[in-house]
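Per-entry structural report
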Amino acid sequence: MWYRRIDAAARRRLPSPDAPLGAPPARSGLHDERVAAILGIGLGVCFIVCFLTGMYSHLEQHPESWLPIPTVPAGLYRVTQGVHVATGIASIPLLFAKLWTVWPRFVAWPVVTSAAHAVERISLVPLVGGALFQVITGVSNLFHWYWFPFFFTTTHYDTAFVVIGALLAHLLAKWTVTRTALRRGAPKLSRPAGEPGLLTRRGFLWTAGAASAVLTVGTVGETLGQPIPALQATDLLSPRRPGTGPQGFPVNNPASEAGVTHLAHDLSGYLFRVEGPGAPRPLMMTIDEVRALPRHRTDLPISCVEGWSVSRLWEGVRVADVLAMVGAGPHATVTVESVEQRGPYNLSTLNAAQAHADDTLLALLVNGEELAIDHGYPLRLIAPDRPGVLQTKWVQRLVVT
Ligand code: HEM
Ligand SMILES: Nc1nc2c(c(=O)[nH]1)N[C@H]1C(S)=C(S)[C@@H](COP(=O)(O)O)O[C@H]1N2
Ligand SMILES: [Mo]
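Residues numbered from 1 in each chain as written. Chains lettered and ligands numbered in written order. Predicted model: local features only at pLDDT ≥ 70, side-chain atom pairs only at ≥ 80, totals over all residues. Heavy atoms only, no water.

Side note on the site of ligand 1
Around ligand 1, the structure places 24 residues, and the nearest of them are His-58, Gln-61, His-84, Asn-141 and His-156. Gln-61 is positioned such that a nitrogen or oxygen atom in its side chain is 2.9 Å from an oxygen atom of ligand 1. In the environment of ligand 1, a nitrogen atom lies 2.7 Å from a nitrogen or oxygen atom belonging to the side chain of His-84. No other element matches the seven residues that helix H2 (residues 33-61) contributes to the shell around ligand 1. The residue inventory of the shell around ligand 1, partitioned by class, reads twelve nonpolar, eleven polar and one charged. (Near = heavy atom within 4 Å. Polar contact = N/O pair within 3.5 Å; in protein donor to acceptor, adjacent residues only side chain to side chain. Helix = DSSP H or I, 4+ residues; strand = E, 2+ residues; numbered from the N terminus. Nonpolar A, V, L, I, M, F, W, Y, C, P; charged D, E, K, R; others polar.)

The structure is reproduced here in structure tokens:
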């Protein structure tokens, strides 16, 4: 088998099994410190970017009062979450290549040689386990495949701290080894003399990089397919693609699942209401009365937390105009509620800046057409710099605070 050959080539010149980690460089085969260092740098960059963009995503969805989410640039979340999922996916081949490179260390004997060695080995559990956990749960989430018994978002969030902590510790611990291995430069012979290995070190690194590039090109069209149409053609691996779905864009949670299909043919029971402690003059309107209000247009993306995004031209009523009608003040915040009864995403909150932004609309039309039922007919929220999950569909009530 090919992997046996690679591995046999690698093992032939392993350092003596009791060499402590970080000691004499293992210079032969693929289990080489230089290979490990290069893969580690790629992985480290991906994971740090993942961590920071993930934190932004968390902040968007669970805002802190001391750090209000901005309304400009309107497409910021589109970029941050696109980058999060893209770097996460790109890291997968690098992660497995890195594990391949270092695995003889996992099975090295004796298990521990010193206290420092013991600490280092134990820290591999959160590092390796956490990294695998993040990529596996992250990808499962993209496919809506919830095979695990815990809630994805909170567990993925908590594990992010474990992984990033372990990663920083690992970077510190490996700083010197990495520097030495990189300074040393590539060995003259990229395949040790007399080794019949299938892949050279350089070939191995290129293969890992190419696998990462293939996964990226095969999925990034979900985010970049609109600005760069060529990427739509190569977007063969991502579960949701721009251009698919009613009105030419994907649906997350169709009306049938939200239990609101009746809205498509019967709006007789539908009344739009604006009320709450921040609304001195609450109001209630039929959909025709809403349609008769002044309309505005805005070009904004739906940017799903799962990484896909599409921009559309929306037309509807400004939330700010409705707030003025009910006599709300400039610091009013708004909870937007859906007709949908259950489900974690049947409401969302706008901070004061978002609620008063010119481009925060209750949309009636998308690209000039009445919204499809799956896209939130008769009325949906569309606001700048916001995760798709907070662009509430089938809006029925605004609670002003
Ligand atoms: C293949 C790799 C990854 C994929 C596909 C992925 C995917 C996702 C997705 C879809 C979300 C949105 C969850 C939601 O709000 O419903 C998310 C959030 C997040 N991700 Fe990842 N992720 C990956 C790797 C990572 C890594 C390596 C880290 C950290 C080191 C990380 C940290 C976070 C954080 C902190 C959040 C925010 C969670 C929250 O809102 O509470 N992710 N990720
Ligand atoms: N009421 C309600 N609104 C919702 C959801 C939902 O489940 N219920 N899903 C959200 C999610 S996760 C996304 S990405 C967007 C998708 O909008 P679209 O289906 O029109 O593309 O709607 C959001 N609005
Ligand atoms: Mo979403």
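Some details on the coordination of the iron atom of ligand 1
By definition of the ideal shapes, a tetrahedral metal site with four donors has angles of 109.5 degrees and an octahedral site with six donors has angles of 90 or 180 degrees. Around the iron atom of ligand 1, the donor atoms from the protein are His-84 (NE2) and His-156 (NE2), and they sit 2.0 Å away. The site at the iron atom of ligand 1 holds six donor atoms, and with the angles between them running 84 to 179°, its shape is octahedral. In this pair, His-84 is assigned in helix H3 (residues 76-106) and His-156 in helix H5 (residues 152-183), connecting sequence segments 72 residues apart. (Donors = N, O, S within 2.8 Å, 3.2 Å for Na, K, Ca; no water. Tetrahedral: all angles 85-135°; square planar, octahedral: opposite > 155°, others 65-115°.)

Notes on the pairing of strand S6 (residues 347-350)
For a regular strand, side-chain orientation follows a simple rule: the groups alternate between the two sheet faces. Burial along S6 is one-sided: the residues Ser-348 and Leu-350 are buried and none of Leu-347 and Thr-349 is. As paired elements, strand S5 (residues 334-338) and S6 share four bridges and run antiparallel to each other. Bridging across to S6, Glu-337 finds its partner in Leu-347. (Buried < 20%, exposed > 50% of the residue type's maximum accessible area, 1.4 Å probe, protein only. Pairing = 2+ DSSP bridges.)

Observations regarding the confidence of the model for the protein
The predicted model of the protein has a mean per-residue pLDDT of 90, with 90% of residues at 70 or higher. Contacts of residues 9-28 to residues separated by more than four positions or lying in other chains number 43 contacts, the stretch itself having pLDDT below 50. (pLDDT = per-residue confidence, 0-100. Contact = heavy atoms within 4.5 Å.)

Focus on the site of ligand 2
Surrounding ligand 2, one finds 21 residues, the nearest of these being Pro-250, Glu-340, His-375, Arg-380 and Lys-393. Within the contact set of ligand 2, a nitrogen atom lies 3.3 Å away from a side-chain nitrogen or oxygen of Ser-338. Glu-340 has a polar side-chain atom sitting 2.6 Å from a nitrogen atom of ligand 2. When isolated, ligand 2 has an accessible area of 530 Å², and the protein chains bury 98% of it. Its residues placed into classes, the shell around ligand 2 shows nine nonpolar, eight polar and four charged. (Areas by Shrake-Rupley, 256 points an atom, 1.4 Å probe, with all protein chains shown as cover.)

So, the pairing of strand S4 (residues 309-318)
Counting buried residues in S4 gives nine out of ten residues, a clear majority hidden from the surface. Here eight bridges tie strand S3 (residues 296-303) to S4, and the two strands are oriented antiparallel to one another. Each residue of the ladder has a partner; that of Thr-298, found in S4, is Trp-314. Between S3 and S4, which pair antiparallel in sequence order, lie five residues; one of them, Gly-307, sits at a positive phi of approximately 105°.

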